Structure formats: structure tokens, C-alpha cells
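Next come the chains, spelled out residue by residue.
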Amino acid sequence: MNGVLVLLEYRSGASGPTGWNRMSWEALAAGQEVAAELHQPLMAAVAGGDLDAAAADLAGKALARAYTVRHPLLAEYTADGFTTAFEQLIQLVVPSLVLFPHTYQVRDFAPRLATRFGQSLIADVIAIGMESRQPVFVRQLLQGKLTADYVHTGTGPCFASLQAGAFRADALAQGVCTVENFVPGLEASQIRSQPGERFRESAQTVDLSAASLIVSVGRGIKEQGNIPIVQELATTLGAELAASRPICDSGWLPMERQVGSSGQTVSPKVYIAVGISGAIQHLVGMKGSKAVIAINKDENAPIFEVADYGIVGDLFEVVPALTAAVRKARGA
Ligand SMILES: Cc1cc2nc3c(=O)[nH]c(=O)nc-3n(C[C@H](O)[C@H](O)[C@H](O)COP(=O)(O)OP(=O)(O)OC[C@H]3O[C@@H](n4cnc5c(N)ncnc54)[C@H](O)[C@@H]3O)c2cc1C
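The structure reproduced in this document is the subject of the present report. (Residues numbered from 1 in each chain as written. Predicted model: local features only at pLDDT ≥ 70, side-chain atom pairs only at ≥ 80, totals over all residues. Heavy atoms only, no water.)

### Description of the pattern of salt bridges
Two side chains with opposite charge may pair up if their charged atoms get near one another. For the structure on display, the rule yields nine salt bridges. A salt bridge links glutamate 240 to arginine 257; the shortest N-O distance between them is 2.9 Å. Of this pair, glutamate 240 sits in strand E14 (residues 240-243) while arginine 257 sits in the loop between helix H6 (245-249) and strand E15 (270-274), and the two are 17 residues apart along the sequence. The exposure class assigned to glutamate 240 is partly exposed, which follows from its relative accessible area of 29%. Under the relative-accessibility criterion, arginine 257 is labelled buried at 18%. With its nearest N and O atoms 3.1 Å apart, the salt bridge here joins arginine 245 to aspartate 249. (Salt bridge = Lys/Arg side-chain N within 4 Å of Asp/Glu carboxyl O. Helix = DSSP H or I, 4+ residues; strand = E, 2+ residues; numbered from the N terminus. Buried < 20%, exposed > 50% of the residue type's maximum accessible area, 1.4 Å probe, protein only.)

Next comes the structure, spelled out in C-alpha cells:
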């Protein structure tokens, strides 16, 4: 066994828009880091029907080799098709480690793929350390209250999926690599399910990842009727308004404004966190911000651990005062 293989996600079928799942590049960046530390070659693979555009993208990445796994029966995703096709590729490549982005599709087929090799999937990894030249996978337990380290002890390849936002796509090194075509042996009778309507990841009409200034609101705001207090600060600063998950889950702001592991990953110049505690699932989405300003009435809130500037105070006093000060400074 030698090499790190990253299985990427690209939609190629006729039943919807085509293109990469953005988490693919995060997984590939993680793969580059781990492969370098293990001194093993890095490979990537993508499965589908029409993969010409995907192959062209992969040819420009710093990889030892990339594979396009092509077959008409892979044009639309099915767990049976993707599991069998990737199983055959892994038998050919014999990697020591297989990484995936933790997408909805990966959740569907990756545990089954790991089982084909007598392994289990180390799912939703937030960090990868190294001990005695062996990867140590960090996962969260009990809704993020604890983290645990996992080390692969089996004899087969190790399978791990990576949480959204845990690795940075902008760290991905570009380069030149050979892209090989791999045609798996697949028959229609092996595919027991019909492709249904595609799962749509949360629609992103607001691209927070491009914002240079973000004001983000959390449960400290108490009720929907208070959101305008924070919206006013955002508008005055010319910032995008974002939120923690409970705010979007409650329907107080649209899902597309959610920052975190199950929302958007952002890296603005300034991120102002208002009434946000700083749970790990939120932090992974904004830890790339250049400067973090936290406003929270609890001085022990974890958000202060990542904040460059902190205001310990009641947001209902601090935010209107800040808005007024910005207006005054701008002479408005
Ligand atoms: C699988 C999974 C995925 C998740 N994905 C995400 C995700 O993508 N994004 C995300 O954000 N969360 C996510 N979560 C939820 C996450 O674990 C936290 O529950 C959530 O981030 C907490 O949101 P919050 O900080 O707004 O609320 P809380 O944790 O309730 O914090 C509210 C904060 O407001 C402060 N506060 C209260 N009143 C005031 C006041 N008057 N003035 C100032 N401060 C005040 C409190 O001190 C507290 O620190 C996920 C959880 C799981 C299990």
C-alpha cells in the first residue's frame, strides 16, 4: 500500500447543473498536506459520465496522478455504481489512505466503500495530526463538547472524510499532473437503485466567501425582532450580514447566511461576531478571517479564544453604540 487517494465530487449528469463540489478542493488541499508529511504520492479521482472539464481542472493541480473514472452508468450518481467503480480503482491503486470531502453524497456511499475493504469510515474529521509518521484523525464527539483522536490500526487502507471548512481550499497547490482514464467494469444489473432528484446543498445566492467585511449574529440576539439592531451595524459598515446556525434554523435569517461547518466558509478582512459563543462548528467556518472582533456578555465564551479584539458586554448596548460611532466617524 502506498499513496494518498482523494476521491473528489463532480456533478456530470444531464439532470442538473454540472461542476465541482467546493469541498473537493478542501479535501485535496488536506491530501497535499498529509501526503507530504507521509512522503507518499498524492492521487485524486473523480467519477462520472462526461468528465472532460473535470480532467482539465485536475491537470493543473499539484498531484502525482489523477484518474477520471468514466462509465455511462456513472453519469448520474448511485451508491451502487460509485461504490463498485471506486472499489475497482482502489484495488488498482492500492493506497494507504483514502480521503473524501464529507458531502451528502459521500455520507451515502463512503461507509459502504470502506466496508468492501473490511474497514470503517473515520467520518467528519476536523484536523489531521501526525504521530510516529502515522496520521491521527481528530473528530468531535457529543455535538462538539469533546474531541477524540483516531489512529488506523487495520491492515487495509484507511478511509476518512473531512468536515467542510476544516481545511482551506486556498492552500491548494497548483501544478501539472497526468490524468488517466479508468473505465470500471460495471453492468446495469449491479445498480439496484434509480437516480432520484439530486440533493441540493443549501442554495447560495449570497456569496459570503467573497465578502471583505462580515457582521455575524448569534443566539445572543434573543429574538427575530432584534435582528435589525445588527443589520443596522452591517449596513452602516457596508458589511454582509451572516449568522450562526440556530439563527438560520429558526428561520430568522435565510440558510445561505449561515457560517460554519454546515454553512459557508468565510475569510473576510474583519469578522464581527455578535452574541455568538464560538462552537467549533461555527469556528471552522470563520477561522480564516484576518481579524475577529467578538461581542459577548460572557467573558469565558470560547469565541474570545479566536478573537483579536473582544468586547465583554451586552450587545443591546454595545451594537447601537458602535453603529452610532461608525456613523459619527463617517460624518453621517
Ligand atoms: C453537525 C453539526 C453541524 C453544525 N453546523 C453549524 C454551523 O455550520 N454553524 C454554526 O454556527 N453552528 C453549527 N452547529 C451548531 C453549533 O454546535 C452551536 O450550537 C451554534 O454555533 C451555537 O450558536 P450561537 O453561538 O449563536 O448560540 P449559543 O451557543 O447559544 O451562544 C449564544 C451566545 O450569546 C451570548 N449572549 C447572550 N446574550 C447576550 C447579550 N445580551 N449580549 C452579548 N452576548 C450575549 C452568550 O454568552 C453566548 O455565548 C452545528 C452543530 C452540529 C452538531
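### Section: the nonpolar core
One finds Trp20, Leu28, Leu58, Leu63, Leu99, Phe137 and Leu162 to be the most contacted residues of the largest nonpolar core, which totals 34 residues. Where this core is concerned, the elements lending two or more residues are strand E1 (4-8), helix H1 (23-38), strand E4 (42-48), helix H2 (52-58), strand E6 (97-101), strand E7 (121-125) and strand E11 (158-162). Top contributing element to this core by residue count: H1, with eight residues. With near-sequence residues (within four places) excluded, leucine 63 lies in contact with Leu28, Leu42, Met43, Ala44, Leu58, Val176 and Cys177. If you look at the next biggest cluster of nonpolar residues, it comprises 27 residues, including Val98, Phe100, Phe109 and Phe159. (Core = buried A, V, L, I, M, F, W, Y, C linked by side-chain atoms within 4.5 Å. Contact = heavy atoms within 4.5 Å.)

### Examining the sheet that holds strand E13 (residues 213-217)
Pairing within the open sheet is parallel, and its five strands lie in the order E14-E13-E15-E16-E17. The open sheet has two edge strands with one neighbour each: E14 and strand E17 (309-312). Taking each pair of neighbouring strands and ignoring which way they run, the sheet shows an average axis angle of 15 degrees. Across five bridges, E13 lies against E15 in parallel orientation. Counterpart to valine 215 in the pairing with E15 is isoleucine 272. Here helix H5 (residues 227-237) sits on the sheet and contacts E13, E14 and E15; the angle it forms with E13, its principal contact strand, is near 175 degrees. Contacting E15, strand E16 (291-296) and E17, helix H9 (residues 315-329) runs over the sheet at an angle of about 130 degrees to E16. (Pairing = 2+ DSSP bridges. Axes fitted to C-alpha atoms, helices over the stretch in contact; angles between N-to-C directions.)

### Digging into H1
Helix length check: H1, at 16 residues, gives a terminal C-alpha distance of 22 Å against a target of 22 Å (1.5 Å per residue), a fit within 8%. Counting buried positions along H1 gives 13 out of 16 residues, so the element sits mostly inside the fold. Following H1 by one or two positions, histidine 39 adopts a phi angle in the positive range, close to 55 degrees. (Expected span 1.5 Å × (residues − 1).)

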